[in-house]
Structure formats: C-alpha cells, structure tokens
Amino acid sequence: FVVALVGDKGAATLTVCLAGVLVLLHGSPTLIEQYPRFQVAWLHAAFIDHLATNGTLATNFDARFSWPGFFAAGATLVRVSGLDSAVTLLQWAPVLLVALSAVAVAAVTKALGASTRTVWMSALVFLLVDWVGQDYFAPQPTAYVITAAMLSLLLLAFRNRPPGMISKRLARWDPRWWPAVARGTADLAMPLPTRLVILLAAALSILAVVASHQLTPIAAGAALVLLALSGRLRPWPLALFTVVAFIGWLSYLGEPYWSGHVSNLFEDLFRPGQVVQSGVEQRVAGSPEHVLVLRVRMLFAVAVGVLGLAGLLLRWRGTGRLSVPALALAAAPAF
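Residues numbered from 1 in each chain as written. Predicted model: local features only at pLDDT ≥ 70, side-chain atom pairs only at ≥ 80, totals over all residues. Heavy atoms only, no water.

**Some words on the packing of helix 5 (residues 93–111) against helix 7 (residues 139–157)**
- Look at helix 5 against helix 7: their axes get within 8 Å of each other, and the N-to-C directions meet at 25°. Overall, the two elements helix 5 and helix 7 adopt an arrangement that is roughly parallel. Taken as a pair, helix 5 and helix 7 cross one another with a handedness that is left-handed. Only Pro141, Thr142, Tyr144, Val145, Ala148, Ala149, Leu151, Ser152, Leu155 and Leu156 of helix 7 make contact with helix 5, whose side of the interface consists of Leu97, Leu100, Ser101, Ala104, Val105, Ala107, Val108 and Ala111.
- Grouping the constituent residues of the contact of helix 5 with helix 7 by class yields 15 nonpolar, 3 polar and no charged. (Axes fitted to C-alpha atoms, helices over the stretch in contact; angles between N-to-C directions. Helix = DSSP H or I, 4+ residues; strand = E, 2+ residues; numbered from the N terminus. Parallel < 35°, antiparallel > 145°, perpendicular 65-115°, else oblique. Left-handed = near helix turned anticlockwise from the far one by under 90°. Contact = heavy atoms within 4.5 Å. Nonpolar A, V, L, I, M, F, W, Y, C, P; charged D, E, K, R; others polar.)

**Concerning the packing of aromatic side chains**
- Using the criterion set out here, one finds 7 aromatic pairs in the structure.
- Centre to centre, the rings of Phe47 and Phe65 are 4.6 Å apart; their planes meet at 50°, and the pair counts as tilted. Note that Phe47 is positioned in helix 3 (residues 39–54) and Phe65 in the loop between helix 3 and helix 4 (69–81), a separation of 18 residues in sequence.
- Residue class for Phe47 comes out buried when judged on its relative accessible area of 3%.
- Among the residues examined, Phe65 registers a relative accessible area of 2% and is labelled buried.
- Three or more aromatic residues link up through ring pairs in this structure, and these residues are Phe47, Phe65, Phe70, Phe71 and Phe137.
- Over the ring of Trp131 we find Arg297, and its NZ or CZ is 4.5 Å from the ring centre. (Phe/Tyr/Trp six-rings, centres within 6.5 Å; stacked < 30°, edge-to-face > 60°. Buried < 20%, exposed > 50% of the residue type's maximum accessible area, 1.4 Å probe, protein only. Lys NZ or Arg CZ within 6 Å of the ring centre and 35° of its normal.)

**Quick look at the nonpolar core**
- Grouped together as the largest cluster of nonpolar side chains are 29 residues, with contacts concentrated most on Met150, Leu151, Leu154, Leu155, Leu224, Leu227 and Leu329.
- Ala4, Leu18, Leu22 and Leu124 belong to the second largest nonpolar core, which has 16 residues in total. (Core = buried A, V, L, I, M, F, W, Y, C linked by side-chain atoms within 4.5 Å.)

**Description of helix 17 (residues 324–331)**
- Val324, Pro325, Ala328 and Leu329 are the residues of helix 17 that are buried. With its buried residues spanning 140° around the axis, helix 17 presents them on a single face. (Arc of directions from axis to C-beta.)

Below is the structure:
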C-alpha cells in the first residue's frame, strides 16, 4: 500500500490493498469459523426476529427496545428479503460495517481539505487501529457510519465559512488557527433544492442515530456544536436540532426505560473516580494471557492518541496551519 501510495499507482491498486487488509483483519473469523462471533450480536438478531415476527417492542424486557431504529430497519430488511432470520446477517456484518466506516472516515478527511495521499492513508490507519470485533452487528457501529457520512456530506457541501466564535478569537492571536480551506474555498456549485435535500438528509440521519443508540447522538451533537462554534458548520441549527431531538427522545419515547432507572442514569456523574476504576482497573482481570491482551490494548489506544498528537504538531510545523475543525472532531467523542 505504501509503495503504491508513494509511487502514485492509482486508485485501483490502493483499493485492492485496503480490501486485503480489511479481509485479513476483519473477515478472517467469518471465513474460518462456522458461527458468527459475540453473544450480543446474536441477542440483537433475536431482537430483530421478535420485531419482524410480532411487530411489537418489548420495552419492559430490555432498554434497547426503547431505541428501536436499528432493530426496526433490520426487521424491515428481514421481511423484504425473505430471510428466515436475522442471524444470516451476522457473518459479514463486521466486514461491511468496517468497510463503510473506512470510506466515511476518508470522506471526512477529504472534506477537511487533506491531500489525496492523506485521504488514502486515513483509510488505512482506520483499518489498522480499529479493534477487531468492535464493529459487530449492533446499533453503535451503524450509528457511527451514519454520523461520519453525515459529517462528511455537510463539510464537503458547505465549505466556505466565516470564522466562528472560537476560531475568530484564536485567529486574532495567531492566523494559523484558521486554515485556508475554511477561509477561501468556495462552496460547491449546486442549486438551492439540492442544498435543501442535503440538509433534509442530514436531519433524517440525526433522527436515525437518535432513534437507534443511546450514546452516539451525544458525540454527534458535540461534533456539530463544536464545528458550529469553530465556524466550519454554517447550517448551525443542525447542532441545536440534534440536542433537541436527543432530549426529546430521551424524555418521551425513551421513558419506558429511564422511568425506572433514573438513579442509574445520573449517579455516575458524581462518582468519576469509581467510573474510571470500574471501566479500567476492574476490567484488567482474568488469566495472565487475558490480562496481557487487555494491557496491550490499553497501550495501543494510548499509542494511537500519541501518534495523532504528533501528526497534529508536525502538520502545524510543516504547513503553519492548525485546523480547528479537525480538533473539534477529535474532541467530540470525549463527551
């Protein structure tokens, strides 16, 4: 891949290399093992089969039925395709989800004004650092794909931005904080109806994410809010729309779950130390081999963050610009 990238061998060679990495890392279990992995994936297939068969949501059985977007889409697919069960979808779902995620990440990178080589490299880096088994048949990776695709569409279609609340102040201190791609690049030439269709697609994507997963809307809303503050998102009402949609769904349609679990939703906010301990320390347990894998995975995550920070500093040093929108997108998942 690197040889082809440096030698400008063309998109076909690079695509074949990426497909090989994808199959080796995320397709091997499907090719080698008889049954799909992960108990949770089988549980999600059962949720879909229940919905496809009975047409009802068992909201009292599991909290995920209060966010049924993913399961409703799966039930529709099962009915339309004539499949006997959603279990058929489990085998190749990881490969498809990872492939779509890599394409969406590359699209976001391109929309931020990166070079062609950087766009291709972003897809490779994503495939290499994405944990194997993270993108199984579930609402979360599906919502991630939808969110990344929506962000890439907005960033690509609406490119010409005045400085925002944050970037305007930073630009006064140092103009390198406001990159040229956001200062002087014109919007794509498109008629008003096309722009309205894009905004409608973005709004529908937000609703799909809000109705499918409990946590992804928070990251999506944070990304839109930070992009609006940085001036990179001109249709800033989308950020407000995301916040209102999330609160509205949680307050009304998610009521069957939280009405009996209010303490579970908010008690961890006041116990950050215990949350860190349960999420990090208590998970590093088991056999010596398992502990080794967990520690390597934690170090791996730290290494990815350090490399990202190093790349940011090298870009600032080499080009004299520091992209506020890229920083905004990097900070959004922290919420």
